[in-house]
Amino acid sequence: MQERYTNKMDGMVAIVTGASRGLGRAIAKEFAAEGAKVVVSARRSSPTGLTGTAVETANQIRDAGGEAMALACDVSDEEQVMAMVGQTIDMYGRIDVLVNNAGVMVLGETLLDIAPDIWDLSVAANLKGPYLCSRAVLATMIEQKSGSIINIGSRMGSDHEQGGGVLYSSTKAAVHMFSFCLADELKEHNIAVNILSPGGLKTEGSAAIPWTQRDWEQRVEPEAVGPSAVYLAVQDASTFTGRLVLRVEFGETWGKVS
Ligand code: NAP
């Protein structure tokens, strides 16, 4: 392992959704490098045609000396979400961190471009997913009297001038408000809920969207998000909760780089 890792997540168990590639894979690998046992999940069969599977991510983690389990889970399907959480408990006995990362990015399309089935698919992954996954881990986190839920937000969810469009921006704005309300609700159980806005990334998903070419050179590799995700993962409601934080401001307006 590289020197910058200091086992900040030793003994912790984390679930990262949408970890077959992109940001989810980068966060899962960072958590494992910091000593966490990581459950990496994605759909059994991706309809996107993009590269990457949860099994590959888990293999990469194990090859680097970490601990990981790959599970198939469509986050918009309650039964699959409950099964993922059940298997995590069976395997590792606890859940300290949930990263609601799985998402569908429909960017730069107008209302008339967006067919109703695409609308439903995006809302199901981006909003219903965090709802179902958070709901499923709560009993365990409440019993543990601690936990951290990280929801992946977006600058598109706060600023319509970014041009994300009606669908993606609406789902991310909803994720932001979902997170603020859930943070209030879970304070009494010492569970942190924060929103991590990663900024523009060079992921497989964004590379497949022509719209992202307009700022491609300003985008960064998803690995850049790792340290800020680790910082949020080790928080509880007594230390840091109910915040919308920008990855680019990590170590400046929030968090400490150690
Ligand atoms: P990506 O490369 O397209 O990866 C998306 C991940 O989500 C894949 O692992 C995909 O898995 C999974 N996924 C999609 N729908 C799912 C579902 N219903 N159930 C389970 N998994 C599902 O995208 P990314 O760029 O890494 O984005 C990850 C997150 O960051 C998203 O929430 C996105 O909105 C957010 N974000 C991205 C950027 C950016 O610039 N890329 C910026 C801000 C925020 P399978 O298809 O293999 O099942």
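Residues numbered from 1 in each chain as written. Predicted model: local features only at pLDDT ≥ 70, side-chain atom pairs only at ≥ 80, totals over all residues.

*Asks:* Help me understand the sheet that holds strand E1 (residues 13-16) in this model?
*Replies:* Strand pairing in a sheet relies on backbone hydrogen bonds. The paired strands run either parallel or antiparallel. Taken in spatial order, the seven strands line up as E3-E2-E1-E4-E5-E6-E7 in an open sheet, and their pairing is parallel. Two strands in the sheet have a free side with no partner beyond their single neighbour: strand E3 (67-72) and strand E7 (244-246). Across this sheet, the average inter-strand angle for adjacent strands is 20°, counted without regard to direction. Across six bridges, strand E5 (residues 147-152) lies against strand E6 (residues 191-197) in parallel orientation. Paired with Ser148 across the bridge in E6 is Ala192. Each of E1, strand E2 (37-42), E3, strand E4 (97-100) and E5 touches helix H1 (residues 22-33); the most contacted strand, E1, lies at about 170° to it. Each of E2 and E3 touches helix H2 (residues 54-63); the most contacted strand, E3, lies at about 175° to it. (Pairing = 2+ DSSP bridges. Helix = DSSP H or I, 4+ residues; strand = E, 2+ residues; numbered from the N terminus. Axes fitted to C-alpha atoms, helices over the stretch in contact; angles between N-to-C directions. Contact = placed C-beta atoms within 7 Å.)

*Asks:* So what exactly am I meant to see when it comes to the pairing of E1 here?
*Replies:* Consecutive residues of a regular strand have side chains that alternate between opposite faces of the sheet. Going residue by residue along E1, you find Val13 and Ile15 tucked away on one face and Ala14 and Val16 tucked away on the opposite face as well. As paired strands, E1 and E2 are joined by four bridges and run parallel to one another. If you follow Ala14 over to E2, its bridge partner there is Val38. Taken together, E1, H1 and E2 constitute a β-α-β crossover, and its handedness is right-handed. For E1 and E4, the ladder comprises three bridges, and the chain directions are parallel. The residue bridging Ile15 from the neighbouring strand is Leu98, located in E4. (Buried ≥ 20, exposed ≤ 12 C-beta atoms within 10 Å, placed from the backbone. Right-handed = clockwise from strand over helix to strand, strands pointing away.)

*Asks:* When you look at the environment of Thr48 in this model, what are you seeing that I'm missing?
*Replies:* Summarising the element assignment, Thr48 is placed in the loop between E2 and H2. For the pair Thr48 and Leu23, spaced 25 residues apart in the sequence, the C-alpha separation amounts to 16 Å.

*Asks:* Before we go on, may I ask you to explain the site of the ligand in this structure?
*Replies:* Taken together, 30 residues lie around the ligand, and Gly18, Gly22, Arg43, Gly103 and Gly205 are the ones closest in. Within the residue set of the shell around the ligand, elements represented by two or more residues are H1 and helix H6 (204-207). (Near = placed C-beta within 6 Å.)

Structural measurements only, silent on function.
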